[in-house]
Amino acid sequence: MASKTQFSAGRALIYAFLLIMALLYLTPLYVMIATSFKDIEEIRSGNLLALPQDPTLYAWIKAWSSACTGSECEGLAPFFMNSVKVVVPAVLLSTIIGALNGYVLAKWRFRGSEVLFGMLLFGCFIPFQVVLLPMARLLAELGLANTVTGLVLVHVVYGLAFTTLFFRNFYVSVPTELVKAAQLDGAGFFAIFRHIFLPVSLPIFVVTIIWQFTQIWNDFLFGVVYSGPGTQPITVALNNLVNTSVGGKEYNVDMAAAVIAALPTLLVYIFAGKYFVRGLTAGAVKG
Amino acid sequence: MGALLIDQVTKSFGETQILKGIDIDIQDGEFIILVGPSGCGKSTLMNIIAGLEDATTGRLELAGRDVTDVSPKDRDIAMVFQSYALYPTMNVARNISFGLEMRKVPKEERDRVVQEVATLLQIDHLLDRKPSQLSGGQRQRVAMGRALARSPRVFLFDEPLSNLDAKLRVEMRTEIKKLHKRLGTTIVYVTHDQIEAMTLADRIAVMKDGIVQQLGTPDQIYNDPANMFVAGFMGSPPMNFIEVELENAQAVIESSSERHLLRLPQAESLALQGHSKVILGIRPEMITEPKPEDDPTYLHSIRMDFEVVEPMGADTMAIGHWNGTEVHARLSPKAGLHAGERTEIQVNTALAVIFDKNTGERIR
């Protein structure tokens, strides 16, 4: 029995450690949310960690609809919509093209396909900064500078390396004999994709969509470089909002704005997170 | 009319030549088995017949039509895969009818065919199940059903029984044989199991190193092998090979320190060709307890010391030595054999074969 108590003591230590780490990690989030519900007086006088004594939605309403982001004072709402307009088509396009790419690279090997895949992998490691200037040139040539379409294009192109990699690695685990059997059954390239591959693809679609959604929603650099005054995404607007001070700094509005900007990715994780984990490990067991 | 003509087919991957000129003419309704060790090229040949791989050179003819460059779906060929390759997200009925669906056969017709095939294979109660809910034997049947549904001109079977347990394998083997009898379609069947080859085939093509070593009926392959490889591949335990010297065209063997001369049916040609050392091939069932009813011309009475005795129920296998080489004998369990006892046995050389010591080819 001695060993059992010792074991429990070790366990307790581990749990204590984990608890402390979790608290450390969650504290900033707590401070943000708590602060966003306080009024400015309470922030100035009160304790940073205290709960709001008189919770108010003032900061949230202001951040959403009337806070100033530079010279405009319409809150985050229009920029939130800008982000949606970029994220939805960019995520869908990069995922669909990635699925087809992955299908080809996994099951329709051609001369040079391995080299192509290697180069695509390399694409995952190209830092944002490297593509900034050439991409700006390209967008200008195409007449897409400062447009939503331009931003969508940038995110699709940059995301393809990742989405292709995800789908390719998932589809490699689908037995090649299925493709051969379907070929003999008379199915062509797209019929095989539709009837054999798509039906098993839900987990990897979830993974890819979450990944791309998070990446593109949270993107700041491309957003700030390639957008115009009317097409700025929410991350850029958040930055402008925090840096614009009319009178004193309104920490509660800044916090509310930050939470609003982060909310969609948080929600996606909460609702689809279990599919994310399942999808990441799905290929490892059996396709 | 020929069902399938394989004409001088070769296949190379870069420098490596997998198939070195295969010629097989398969008749309508024939059951052909391609057999050989791993890496002999039999699966590659199968894929070339199916159209899943292209031949490097050579020609394929299906019922008189040149199909060398025809895509798999237009070849009128169906295949049963080793892994069954059932579509995991479709139920059994859709798995069977998928080929018809892709060929735009109307729904009522598809349903009729599925029902017919399912009844034939006794899987009609499983039509709504997914492949993951089936046992190995059931999956095997569904895979065959999928091939049958399209009623193709030629069936290809790629080691279809190798994933089943021993008992089920024997059952399915019989089932496939019955099915072939009943439908009379042409079947090309790849296996590395020589018992499957012997029991199922009308003709067997024994392959090694990308070459058909011998193409013939099971009886020809077993009793009249072209070379040592074929002789050694077929039969379990395999044929005994003993290096012997010839004396007056008779094989000299030493067993239990006694010298014997074995009379051979090839005596005449051996004497003419002037060989001195050859390989004697003799099957274990030709070394038995004395059976007086056999033709005495090629019978010899020999004493042997058996080191190992393995009772197998119907027979007893025993292992001794001739000329220092291990020799397997197949005796009746009634012979009352014990390891280590000197035993009087009978050697029948009527079906003994002789191989060239250097090339391994038959000397006839």
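Treat the numbers as computed from the prediction; the structure is a model and nothing was measured.

About the criteria used
Residues numbered from 1 in each chain as written. Chains lettered and ligands numbered in written order. Predicted model: local features only at pLDDT ≥ 70, side-chain atom pairs only at ≥ 80, totals over all residues. Core = buried A, V, L, I, M, F, W, Y, C linked by C-beta atoms within 7 Å. Buried ≥ 20, exposed ≤ 12 C-beta atoms within 10 Å, placed from the backbone. Helix = DSSP H or I, 4+ residues; strand = E, 2+ residues; numbered from the N terminus. Domains from an automatic or database assignment. Contact = placed C-beta atoms within 7 Å. Nonpolar A, V, L, I, M, F, W, Y, C, P; charged D, E, K, R; others polar. Expected span 1.5 Å × (residues − 1). Bend = angle between axes of the 7 residues up to and from the residue. Pairing = 2+ DSSP bridges. Axes fitted to C-alpha atoms, helices over the stretch in contact; angles between N-to-C directions. Parallel < 35°, antiparallel > 145°, perpendicular 65-115°, else oblique. Left-handed = near helix turned anticlockwise from the far one by under 90°.

Trainee: Got a minute to help me understand the nonpolar core in this structure?
Mentor: Nonpolar side chains tend toward joint burial in soluble globular proteins. Residues Leu156(B) and Val188(B) are the most contacted members of the largest nonpolar core, which totals 153 residues. With 13 residues, helix 7 (residues 148-171) of chain A is the single largest residue contributor to this core. Among the domains, domain 1 (2-233) and domain 2 (240-363) of chain B are the pair contributing at least three residues each to this core. In this view, Leu156(B) contacts Met46(B), Ile49(B), Ala50(B), Ile77(B), Met79(B) and Val188(B); residues no more than four positions away in its chain are not counted.

Trainee: Please clarify how unusual backbone geometry should be interpreted in this entry.
Mentor: The general pattern is negative phi for most residues beyond glycine and trans for most peptide bonds. All names here are of chain B. Of note, the bond from Ser236 into Pro237 is cis; its omega dihedral lies within 30 degrees of zero at -5°. Here Glu159, not a glycine, exhibits a phi torsion of approximately 40°, which is positive. Within the secondary structure, Glu159 sits in the loop between strand 7 (154-158) and helix 5 (166-183). A positive phi is found at Ser257, a non-glycine position, where the angle reads about 60°. Structurally, Ser257 is set in the loop between strand 12 (250-255) and strand 13 (258-262). By C-beta crowding, Ser257 is classed as exposed, having 7 other C-beta atoms within 10 Å.

Trainee: Which parts of the structure should I look at to understand the domain arrangement of chain B?
Mentor: In many reports, interface size means the accessible area that the parts give up when they come together. All names here are of chain B. Segmentation of chain B into domains returns domain 1 (2-233) and domain 2 (240-363). Spacing between the C-alpha centres of domain 1 and domain 2 amounts to 39 Å. Taken residue by residue, the interface counts eight residues in domain 1 and nine residues in domain 2. By residue number, the principal contributor to the side of domain 1 that touches domain 2 is helix 8 (residues 228-233), which donates four residues. Of the residues that constitute the side of domain 1 that touches domain 2, the class distribution is five nonpolar, three polar and no charged.

Trainee: Just checking my understanding: could you explain helix 6 (residues 128-142) of chain A for this structure?
Mentor: Side chains of residues three or four places apart in an α-helix project in the same direction, reflecting 3.6 residues per turn. All names here are of chain A. For helix 6, spanning 15 residues, the distance from its first C-alpha to its last is 20 Å, which sits close to the expected 21 Å at 1.5 Å a residue. Along helix 6, the sharpest change in direction is near 35° and occurs at Pro134. For helix 6, the tally of buried residues reaches only one of 15 residues, placing the bulk of the element at the surface. Following helix 6 by one or two positions, Gly143 adopts a phi angle in the positive range, close to 75°.

Trainee: Looking at this structure, I do not really get the pairing of strand 14 (residues 277-282) of chain B. What am I missing?
Mentor: Every regular strand shows the same layout, with side chains that alternate between the two sheet faces. Residue and element names in this part refer to chain B. Most of strand 14 is tucked away, with five of its six residues classed as buried. For strand 11 (residues 240-247) and strand 14, the ladder comprises six bridges, and the chain directions are antiparallel. Paired with Val244 across the strands is Val278, a residue of strand 14. Here strand 14 pairs with strand 21 (residues 353-356) via four bridges, running antiparallel. Of the residues in strand 21, the one forming a bridge with Val278 is Asp356.

Trainee: Even after reading the chapter, I still don't get the environment of Ala197(B), so can you show me in this structure?
Mentor: Residues and elements named next belong to chain B. Checked against the element boundaries, Ala197 lands in helix 6 (residues 194-200). Assessed through the 23 C-beta atoms surrounding it within 10 Å, Ala197 is described here as buried. It is 6.0 Å that separates the C-alpha atoms of Ala197 and Ile33, two residues lying 164 residues apart in sequence. The residues touching Ala197, leaving out its near neighbours within four places in the chain, are Ile33, Val35, Thr191 and Ile204.

Trainee: Can you walk me through the packing of helix 7 of chain A against helix 10 (residues 202-218) of chain A in this structure?
Mentor: When two helices pack together, you describe them by how their axes are tilted relative to each other and by the distance separating the axes. Residue and element names in this part refer to chain A. Between helix 7 and helix 10, the least distance of the axes is 10 Å, while the angle of their chain directions is 155°. Classified by the angle between their axes, helix 7 and helix 10 sit roughly antiparallel to one another. You can see that helix 7 and helix 10 cross each other, and the crossing is right-handed. Counting all contacts with helix 7, which are made through His155, Gly159, Phe162, Thr163, Phe166, Phe167 and Phe170, the residues of helix 10 involved are Ile204, Val207, Thr208, Trp211, Gln212, Gln215 and Ile216.

Trainee: I would appreciate a short explanation of the interface of chain A and chain B in the present structure.
Mentor: With 14 residues of chain A at the contact, the number on the chain B side is 17 residues. Elements represented by at least two residues in the side of chain A that touches chain B include exactly helix 8 (176-184) and helix 9 (189-197) of chain A. With six residues, the single largest contributor to the side of chain A that touches chain B is helix 8 of chain A. Looking at the side of chain A that touches chain B residue by residue, the class counts come to nine nonpolar, two polar and three charged.

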